[in-house]
Amino acid sequence: MQKSLIVILVVVIIVVAGVAAAWQLTQVPSAEARNIKIGLVAGGQLAEGQDMDRAAKLAVKEINDAGGVYVAEWHTSVEIELVSIDTVDDSNSKSVGPVTQAVEESQVDLLIGGYTSSGTLANQKVAIDNRVPYIITGASSSLVTRRGPQANYGGLPEGSELRIDDAEGMSYMFHYCTTTADYSATVVKFFAEEMKPLLETTYGFNASRNLKLAILYRNDPFGQGVVADSKAIIDAENLPIDVVIERSYPTTATNFQTDLTAIKEADPDAVYVVDFIANTAEIIREGQADVGLNTVYIAVECCEDPAFYTLLGEYGSDQLLESKFAPYAGPPYYLESIATYVTNYQEEYNTLPGMMGADTYDAFYIAADAIERAGTLDKAAVRAAIESCALDQMLIITETGKIQFSTGTDYHEIAPVTFIEQLVWNEDVNECRSVIVYPATAEGVGTLKQASFALPTGYEPGSP
Amino acid sequence: MITSGLIQALLWGVASGCIYILLATGLNIIFGVMKLVNFAHGQLLMIGAYIAFTVTTALGLNAYLAILVAMGAVALIGVGLERFTFRKVLGTDKLNEIFVSLGLIYVFENAAALLWGNTTRQISSPLQGLQLSIGQIAISYDRLSSILIVVVILVALFLLLKKTKIGLAMRATSQKISASMLMGVNTEKVYMYTFALGAALAGAAGALYGIIFNFNPTIGALPTIKAFAIIIIGGLGSIPGAVVGGLLYGIAENTAVYFLGGVWQDAIAFALLIIVLVIRPTGIFGEKGE
């Protein structure tokens, strides 16, 4: 009996050891394992592009230092290799070639970035044709994911050159950014809910008087999108706002006094400026210094960058900025992750981060998470994994507290929360800093508002 | 109906035209004497802006005094350019001259990006925020100063060309190089002074540009195109033409913006160019053979 037991025990041990050895053999890192190549599409000539580059390097460093990304197919963790795709100024002519080179020659596994709407709409075709997942962190035009069949071509008319019929190719596009509709909604609702009542109490305006809004915008898909979306939201929600004048200018314009003079003649209560950092700062400065248009200016979130605050100087005092990431509105910050990111970014680069970098930083973690869940670098599998992302929000607040890409008509977009900041002059740093003035709260954050909106010193409203 | 807004727009046209007048005048001087078209002239404006920015931020120099430093520094750069690049190709195929200047565009832009970075900058002015208002019309002191400075520079240029030996030599060389050589004019020195003078004007334009607008390494292209349009309108080689052309261009541009919106500014300005060329192909003050 005892002998039988010993024999059985030995056999069991041998079998278990054999199974363990066999299993161990299958977990040996594959010889095919290699670094994950992620291409960062950013304009190196732009302050925003430089911010994206710094944020990308920070994210890659953190992910790699933490052990890299586990790829189940290879039974090992691998590092991310950042492939820089410099689109210079992200214009149409300069944004396609570098992306083509990265996809065809460098054979990147995934793309992250894109800044201008026009440049991204041009270069994304390369990713679409080659079935490369592209997490677009800029380009506020919703067309970057809605120009295909899944979103009914974003309302583009039949025959439009912007329409893309390749549904499968479009499924590789993801928009981790606010759209012109997202932040236009926040801007016009702020004017309706906060500024209009303040004008009434301050100047005794009749409640039936609509707020007079002027829109000054660059003449490209970005600017046109903002104007169209703002007006659509005003109409759809019957907001008490009149767009008294809209003026556009070519993207090459460098001075805006004449447009601002025409706007001054229209007598608005506020001016909505739709452009990037340099031109927006120039407009706000010229408006006050040259034209004497002493109104409230509101800039869009792509201006949330150290360069904007520097260029604005004192002209930024009391002006407004729509944003979704506020490194200047703290500490304390409304999200702990922001404090950590700002600290790490400052330690690494000795400057504060901008908004574009925040989107980019999150996107690298989204990519890493997707690859881990896919277990492979097969692009179709990674695409599917990005689509099923359910990470907790990171630097960008979302309506659900999660990073999730929709599959409805707002195809492959997230649901970000945007807010309005008011800039306040800080003598210690000789620049403006910001406080959040609207909305009061946000899901997953709680209280967001840090101060009440106040009309600028020397503010001149439109006529009663 | 003449509204205050229209008058204001005309005033902006004059103010913005002044900077381009300086740039175009420099271009015209170089062309007039050396028969050389320098496509990198706008990059000299950009360098001027950066030099002025550097001396105001690093040395705390007044922005308006920095204009003199920018003029001197860019003039020296101009001497170097003439001596070591254009002199080698002057008189050879015109294409050589064109390609040298086109190549210099990229050299200057990349050098500026390397030295100063790509970040957009602006020169801080002691007159910042100050404005002269007359009724509904207002103009910042910076813009007013730019108009006055341009007038002073143009008067000084006039005196240099009319009352000095080097000015006489430059005018002689521009009229007939062979004859001026026979009269003992050292044309190589004249070319050097001419290029330095043209570059100095570009440097002054750059310093003023940097006070009024923000700038980065790539801003040189658009002013160059406008300067060329202005000298074609005014007449190649004609300094009065550059002045009148610059004013007309600035006024046309801003009037177009006022009435039609910013998207029309370039179309209207170049329509003016076409109209002038159709009516007078040599430009307003141009001479046949240029």
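Residues numbered from 1 in each chain as written. Chains lettered and ligands numbered in written order. Predicted model: local features only at pLDDT ≥ 70, side-chain atom pairs only at ≥ 80, totals over all residues.

Describing the interface of chain A and chain B
With 27 residues of chain A at the contact, the number on the chain B side is 27 residues. Contributing elements (two or more residues each) for the side of chain A that touches chain B: helix 2 (47-65), strand 9 (241-249), helix 9 (257-266), helix 10 (277-289) and helix 11 (306-312) of chain A. It is helix 9 of chain A that contributes the most residues to the side of chain A that touches chain B, six residues altogether. (Contact = placed C-beta atoms within 7 Å. Helix = DSSP H or I, 4+ residues; strand = E, 2+ residues; numbered from the N terminus.)

Observations regarding the sheet that holds strand 1 (residues 36-42) of chain A
All names here are of chain A. Taken in spatial order, the five strands line up as 4-1-5-6-7 in an open sheet, and their pairing is parallel. The two strands at the open ends of the sheet, each matched to only one other strand, are strand 4 (80-86) and strand 7 (173-175). Neighbour-to-neighbour, the strand axes of this sheet turn through a mean angle of 20°, independent of strand direction. The pairing of strand 5 (residues 110-113) with strand 6 (residues 134-136) spans three bridges and is classified as parallel. When the bridges of strand 6 are listed, Gly 113 appears paired with Ile 136. Packed onto the sheet, helix 2 meets strand 1, strand 4 and strand 5 and runs at close to 170° relative to strand 4. (Pairing = 2+ DSSP bridges. Axes fitted to C-alpha atoms, helices over the stretch in contact; angles between N-to-C directions.)

Some thoughts on helix 3 (residues 92-104) of chain A
Given 3.6 residues per turn, any residue in an α-helix points the same way as the ones three and four places further on. Residues and elements named next belong to chain A. Over its 13 residues, helix 3 extends 19 Å from the first C-alpha to the last, a length consistent with the 18 Å expected when each residue adds 1.5 Å. Three or more residues of helix 3 are buried, namely Ser 95, Pro 98, Val 99, Ala 102 and Val 103. Looking down the long axis of helix 3, one finds its buried residues gathered within 135° of arc, a one-sided arrangement. Counted as exposed and oriented over 90 degrees from the buried face of helix 3: Ser 93 and Glu 104. In this structure, the buried side of helix 3 is in contact with strand 1, strand 4 and helix 4 (117-130). (Expected span 1.5 Å × (residues − 1). Buried ≥ 20, exposed ≤ 12 C-beta atoms within 10 Å, placed from the backbone. Arc of directions from axis to C-beta.)

Comments concerning unusual backbone geometry
All names here are of chain A. Cis geometry is adopted by the peptide bond preceding Pro 331, which originates at Gly 330 and carries an omega value of 0°. Tracing the backbone through its elements, the reader meets Pro 331 in the loop between strand 12 (320-323) and helix 12 (336-349). With omega at 0°, the peptide bond leading from Pro 331 into Pro 332 counts as cis. Along the chain, the position of Pro 332 falls in the loop between strand 12 and helix 12. Although it is not a glycine, His 75 sits at a positive phi angle of roughly 55°. With respect to the helices and strands, the residue His 75 is situated in the loop between strand 2 (69-71) and strand 3 (76-78).

Digging into the packing of helix 5 (residues 141-163) of chain B against helix 8 (residues 187-212) of chain B
All names here are of chain B. Put simply, helix 5 and helix 8 touch, their axes get as near as 10 Å, and they point 175° apart. With respect to helix 8, the element helix 5 is oriented roughly antiparallel. Between helix 5 and helix 8, the residues in contact are Asp 142, Arg 143, Ser 146, Ile 149 and Ile 153 and Ala 204, Leu 208, Ile 211 and Ile 212, respectively. A per-class count over the contact of helix 5 with helix 8 returns six nonpolar, one polar and two charged. (Parallel < 35°, antiparallel > 145°, perpendicular 65-115°, else oblique. Nonpolar A, V, L, I, M, F, W, Y, C, P; charged D, E, K, R; others polar.)

Focus: the nonpolar core
Membership of the largest hydrophobic core comes to 239 residues, with the highest contact counts inside it found for Phe 364 and Ala 367 of chain A together with Ala 52, Val 74 and Ala 204 of chain B. Both of domain 1 (36-176 + 354-403) and domain 2 (180-299 + 306-331 + 418-447) of chain A provide at least three residues apiece to this core. (Core = buried A, V, L, I, M, F, W, Y, C linked by C-beta atoms within 7 Å. Domains from an automatic or database assignment.)

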